[in-house]
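# Descriptive analysis of the structure
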Amino acid sequence: MSMDDLKRQAAARAVEQVRDGMKLGLGTGSTAKHFVELLGERVKAGLNVVGVPTSEATRADAERCGVPLTTLEEIDRLDLTVDGADEIDPNLELIKGGGGALLREKIVAAASDRMIVIADESKWVPTLGRFPLPIEVIPFGLGATRRAIEAVFAENGVSGQMGVRKAKDGHAFVTDGGHWIIDAHLGRIPDSPRLAAALNSIPGVVEHGLFIGLAQTAVLAGPQGIRVVERR
Ligand SMILES: O=C(CO)[C@H](O)[C@H](O)COP(=O)(O)O
C-alpha cells in the first residue's frame, strides 16, 4: 500500500465524523486534499456542510469538488477542522507548516470546537523537532527577527540551522499572507509548549508551526490499519 493510500484512508476515517449541517475547517496538504475530495463526494450525495479553507490551494480544491465555502467573517465558530501535520507527538502537539499554510491553519483550528489531525503513521514521533520548524516572518527587519529567534532558541535549550524557505524559482517562498518562512532545523524540541509561547513574543514573527493544545484526535493510517489517538 502506498503512502498516498494511507493518507486517503486516514482522510476517509475523518470524513465519517462529519455530520449534516456542520461548519468545517478545511486543512492544507496532500492528506487534507484527500479529505476535501471525499467530502466533496458526500456533498454531491446530499450532505449539507460549509467549509473555511486554510489556503488558496485548498480553496481551489474545495471549489473543484463542489464543497460550499464561507469565511470567519460570516460565521463565528467552526464545529470541526480536519487537517494534516508534519509531526504529531503523544500529547497531540504538532508541527505544521510544511506546506506553508500554518498561519491560516492555526487561525482556523483555534476557531474550531474540535480538530482532527489526519496522517500516515510516519508523522508520529516521540518528541517534536526532527521536522524543521516553520516560522512565518515579516520580511522587514529579517536580520533582527532572526537574532531574536536565535536568542529564544538558546533560552529554550535548542539550536540548529535556520534558512529562509525557497520557492522552486529560487526566490523566497511567499505565503498566502505575503510573508516569508524560516525553517529551523532543531532536531529535538524538549518543551514545545514553552518554546511556542516564547516564539509568540517576538516582533516580526507572525506565527510558527507549533500547534499546542489544538488537536483533540489523531487518525494515523499505517500498514497494520488505522490507529485513533485521543488527547489525554
Ligand atoms: O501543515 C501543513 C501545510 O501547511 C500540512 O498539513 C503538512 O505539511 C502535512 O502535509 P501532507 O499531508 O502533504 O504530508
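Bear in mind the structure is a predicted one, so any value in this text is a computation, not a measurement.

### What to know about the domain arrangement of the chain
Along its sequence, the chain is organised into domain 1 (3-125 + 212-230) and domain 2 (133-206). Look at where the C-alpha atoms of domain 1 and domain 2 centre, and you get two points 24 Å apart. At the junction of domain 1 and domain 2, the tally comes to 1 salt bridge. A salt bridge links Asp176 to Arg104, with the nearest nitrogen and oxygen atoms 4.0 Å apart. Joining domain 1 to domain 2, the criterion identifies 4 residue pairs in polar contact (both at pLDDT 80 or more).

### Thoughts on the packing of aromatic side chains
Within the structure shown, the criterion is met by 0 aromatic pairs. Of note, Lys96 hangs over the ring of Phe211, and the distance from its end group to the ring centre comes to 5.7 Å. Just above the ring of Phe173 sits the side chain of Arg165; from NZ or CZ to the centre is 5.6 Å.

### Points about the site of the ligand
Close contacts around the ligand come from 17 residues, with Ser30, Thr31, Asp86, Gly97 and Lys123 the closest. Residue Thr28 places a main-chain N or O atom 2.9 Å away from an oxygen atom belonging to the ligand. Contact distances for the ligand include 3.4 Å between an oxygen atom and a backbone N or O atom of Gly100. When the ligand sits alone it has 370 Å² of accessible area, and the protein chains cover 91% of it. Residues of the shell around the ligand, tallied by class, amount to 2 nonpolar, 9 polar and 6 charged.

### Some thoughts on the pattern of salt bridges
Here the idea is simple: oppositely charged side chains can pair when their charged atoms come close. Under the counting rule described, the total for this entry stands at 16 salt bridges. The salt bridge partner of Arg8 is Glu37, with a shortest N-O separation of 2.9 Å. Of this pair, Arg8 sits in helix H1 (residues 3-15) while Glu37 sits in helix H2 (residues 30-44), and the two are 29 residues apart along the sequence. Residue Glu37 is classed as partly exposed on the basis of its relative accessible area, which comes to 21%. A network of salt bridges, in which partner residues are shared, links Arg8, Lys33, Glu37, Glu41, Asp61 and Arg64.

### Side note on the UniProt feature "active site" (unreviewed entry) in the chain
Following the UniProt record, one finds the feature "active site" (unreviewed entry) at Glu105. Relative to the helices and strands, Glu105 is located in helix H4 (residues 102-110). Those residues in contact with Glu105 that lie beyond four places of it in its chain are Thr28, Thr54, Asp83, Lys96, Gly97 and Phe211.

### Thoughts on the environment of Leu199
Position of Leu199 relative to the elements: it lies in helix H6 (residues 192-200). The class of Leu199 is buried, set by a relative accessible area of 0%. Look past the residues within four positions of Leu199 in its chain and what remains in contact with it is Leu133, Ile135, Ile149, Val152, Phe153, Val205 and His208.

### A short note on the sheet that holds strand E5 (residues 94-95)
Here we have 3 strands laid out as an open sheet, ordered E4-E5-E11, and antiparallel in their pairing. What marks the edges here is a single partner per strand, and that holds for strand E4 (87-88) and strand E11 (210-211). Where E5 and E11 come together, 2 bridges link them in antiparallel fashion. Directly across from Ile95, in E11, lies its bridge partner Leu210.

### So, the pairing of strand E9 (residues 180-184)
The buried fraction of E9 amounts to 4 of the 5 residues, a majority that puts the element mostly inside the structure. Sheet analysis places strand E7 (residues 133-137) next to E9, joined by 5 bridges and oriented antiparallel. In the strand pairing of E9, Val137 is matched with Trp180. As judged from the 3 bridges shared by strand E8 (residues 162-164) and E9, these two strands associate in the antiparallel manner.

So, how was this worked out
In every chain, residue numbers begin from 1 and rise along the written sequence. Side-chain atom pairs in this predicted model are given and counted only at pLDDT of 80 or more, local residue features only at pLDDT of at least 70, and totals for whole chains, interfaces and linings cover all residues. For side-chain calculations, the full set of non-hydrogen atoms in the structure is used, while hydrogens and water are omitted. A domain assignment, automatic or from a database, supplies the domain bounds used here. Put simply, a salt bridge is a Lys or Arg side-chain nitrogen that is within 4 Å of an Asp or Glu carboxyl oxygen. We define a polar contact as two N or O atoms separated by no more than 3.5 Å, with the added condition that, inside protein, one atom must be a possible hydrogen donor and the other a possible acceptor, whereas residues neighbouring each other in sequence contribute only through side-chain atom pairs. Any Phe, Tyr or Trp ring, taking Trp's six-membered ring, that has another such ring centre within 6.5 Å forms a pair; planes under 30 degrees apart are called stacked, those over 60 apart edge-to-face, and the others tilted. Put simply, a charge is over a ring when the Lys NZ or the Arg CZ is close to the ring centre, within 6 Å, and near the line of the ring normal, within 35 degrees. Only a single heavy atom is needed: when it lies within 4 Å of a molecule or strand, its residue is near that molecule or strand. Reported accessibility uses the Shrake-Rupley method at a 1.4 Å probe radius. Residues are deemed covered only where the shown protein chains occlude them. Basically, the charged four are Asp, Glu, Lys and Arg, the nonpolar ten are Ala, Val, Leu, Ile, Met, Phe, Trp, Tyr, Cys and Pro, and anything else, Gly included, counts as polar. Strands here mean DSSP runs of E at least two residues long; helices mean DSSP runs of H or I at least four residues long; both are numbered from the N terminus. Burial classes: relative accessible area under 20% of the type maximum marks a residue as buried, over 50% as exposed, and values in between as partly exposed (1.4 Å probe, protein chains only). UniProt positions are given in the numbering used here, feature names are shortened, and annotations may be inferred rather than shown by experiment. Contacts between residues were defined by any pair of non-hydrogen atoms, one from each residue, lying within 4.5 Å. Here the rule is simple: two strands pair whenever DSSP picks up at least two bridges between them.

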